[in-house]
Amino acid sequence: MFPSSLLIFFPASPLSSEKKMGGASSEKTATGYAAHDDSGVLTLYTYKLRQTGPEDVLIKVLFCGICHTDIHQIKNHLGMSKYPMVPGHEVVGEVVEVGPEVTRFHAGDIVGAGVIVGCCRNCGPCKSNIEQYCNKRVWSYNDVYPDGQPTQGGFSSAMTVDQKFVVKIPPGMAAEQAAPLLCAGLTVYSPLKHFGLTGSGLRGGILGLGGVGHMGVKIAKAMGHEVTVISSSDRKREEAVEHLGADKYLVSSDEAAMAAAADGLDYIIDTVPVVHPLEPYLSLLKVDGKIIMMGVINQPMQFITPMIMLGRKSISGSFIGSMAEAEEMLEFCEKKGLSSMIEIVQFHRINDALQRLDRNDVRYRFVVDVAAGSNNASAASSNDSLLIN
Ligand SMILES: NC(=O)C1=CN([C@@H]2O[C@H](COP(=O)(O)OP(=O)(O)OC[C@H]3O[C@@H](n4cnc5c(N)ncnc54)[C@H](OP(=O)(O)O)[C@@H]3O)[C@@H](O)[C@H]2O)C=CC1
Ligand SMILES: O=C/C=C/c1ccc(O)c(O)c1
Ligand SMILES: [Zn+2]
Ligand SMILES: [Zn+2]
């Protein structure tokens, strides 16, 4: 069992340099699970927390979802990983301290943070409130702040986040179920809004039924779409239809079923995290249909041009969503009564969960109970994981 005392940030030695120099507040540390190399294994790591600045919110982490991007980053799939790295970007926690210029949050609020924790505020995307596309974006981990201090993510007792990148979790929403919305939920909501794919009656495809994909089914259904799941196996059929509400289920290797479904979809949200052929899915699109690429894939993808020309089809991409869209998406989910389908794991079982996610063995998002001792602690201590719908 993870020692609960380590989950709480605590003042460092009274001899820390800041104290000696008479700093206003004491230096704080956090303890999390960090990757130290690309082996895929995380181990405990204690590090200095960013000083709570005027616009900062200090968050005691309660829950953090595990996204496939965490695996890409831990295992250095993009060749840009820096260690030690504390991953985790689907963070829900409780505000414990705010800087003097923070107006939107107070101690005790339940809040969320996601993939991005900084931007330049001056470029075109920043001025258009699509700060996720700022070229100076600061990632919540595997990055550095402008002062050179490393960022560290949510598999940790605490995070310090600029208020611009913090959202309030709606009061009626369970903290653990809100966590996957902060990346997976936003990642599907944003392109559906942006590409004008919100009208009821649209026919949507969700390729890859994992963390992002299952939120795709839920959000698209809530928008009134007819949703087809396109999966690599038959294993998730029953759940997809009965629990998530998918209308149709296609197995991508079933050539007859794929041919019968040709030219039927207005869009496909492609969440497959590895290189894969596009032609079978382009064939499923109607004239003017779009495939929206979500997977982070570090190898070239191929298609032949007639596959898009003969149908004016588009291949596009999208990256999470803006903070404004995050708020809107949370409101949408609250209004529609949507939440995620999760399996809660204890903090000390995080490596097992990462391995299971890597072998496609999760329905549909792992959420780490970081603050053992919170509302699920007694149940979590007697089971390794809890399934929550
Ligand atoms: N663009 C963005 O802003 C974001 C991008 N991402 C990226 O999207 C991708 C999906 O993320 P997430 O939903 O968390 O991932 P998951 O692992 O939860 O889901 C991926 C799904 O893809 C299918 N799949 C097909 N082949 C493989 C394979 N070889 N290994 C694993 N899964 C496979 C599986 O569905 P099935 O069993 O149905 O075939 C699986 O459930 C990742 O690359 C992630 O980095 C994530 C969030 C935001
Ligand atoms: O999970 C969220 C992050 C997605 C992501 C998209 C693109 C990219 O290059 C990344 O490093 C991460
Ligand atoms: Zn993510
Ligand atoms: Zn910018």
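First, a word on what this report is: a plain description of the structure on this page. This is a predicted model, so every value here is computed, not measured. (Residues numbered from 1 in each chain as written. Chains lettered and ligands numbered in written order. Predicted model: local features only at pLDDT ≥ 70, side-chain atom pairs only at ≥ 80, totals over all residues. Heavy atoms only, no water.)

1. Describing the site of ligand 2
Every residue close to ligand 2 is listed here: Cys67, Thr69, Gln73, Leu78, His89, Val115, Trp139, Cys183, Val296 and Phe319. One of the side-chain nitrogen or oxygen atoms of Thr69 is found 2.6 Å away from an oxygen atom of ligand 2. A distance of 3.1 Å separates an oxygen atom of ligand 2 from a polar atom in the side chain of His89. Contact with the protein chains removes 77% of the 330 Å² of surface that ligand 2 exposes when unbound. Residues of the shell around ligand 2, tallied by class, amount to seven nonpolar, three polar and no charged. (Near = heavy atom within 4 Å. Polar contact = N/O pair within 3.5 Å; in protein donor to acceptor, adjacent residues only side chain to side chain. Areas by Shrake-Rupley, 256 points an atom, 1.4 Å probe, with all protein chains shown as cover. Nonpolar A, V, L, I, M, F, W, Y, C, P; charged D, E, K, R; others polar.)

2. What to know about the sheet that holds strand S13 (residues 248–251)
Here six strands make up an open sheet; going across it, the order is S13-S12-S11-S14-S15-S16 and the pairing parallel. Single-partner strands in this sheet number two, and they are S13 and strand S16 (314–317). Averaged over all adjacent pairs, the angle separating strand axes in this sheet is 20°, with direction ignored. In this sheet, S16 lies alongside strand S15 (residues 285–293) in parallel orientation, the contact comprising four bridges. Counted as the bridge partner of Met293 is Gly317 from S16. Here helix H6 (residues 211–222) sits on the sheet and contacts strand S11 (203–207), strand S12 (226–231) and strand S14 (265–270); the angle it forms with S12, its principal contact strand, is near 165°. (Pairing = 2+ DSSP bridges. Helix = DSSP H or I, 4+ residues; strand = E, 2+ residues; numbered from the N terminus. Axes fitted to C-alpha atoms, helices over the stretch in contact; angles between N-to-C directions. Contact = heavy atoms within 4.5 Å.)

3. What about the site of ligand 1?
In the vicinity of ligand 1, 27 residues are found, and the nearest of them are Thr69, Ser231, Ser232, Ile320 and Arg365. One nitrogen or oxygen atom from the main chain of Gly211 is found 2.8 Å from an oxygen atom belonging to ligand 1. Compared with its free state, where it exposes 890 Å², ligand 1 has 90% of that area covered by protein. Among the elements that make up the shell around ligand 1, the one with the highest residue count is helix H2 (residues 68–74) (three residues). Looking at the shell around ligand 1, its residues break down into 12 nonpolar, 13 polar and two charged. Here the shell around ligand 1 gathers at least three residues from each of two domains, domain 1 (4–174 + 339–380) and domain 2 (203–317). (Domains from an automatic or database assignment.)

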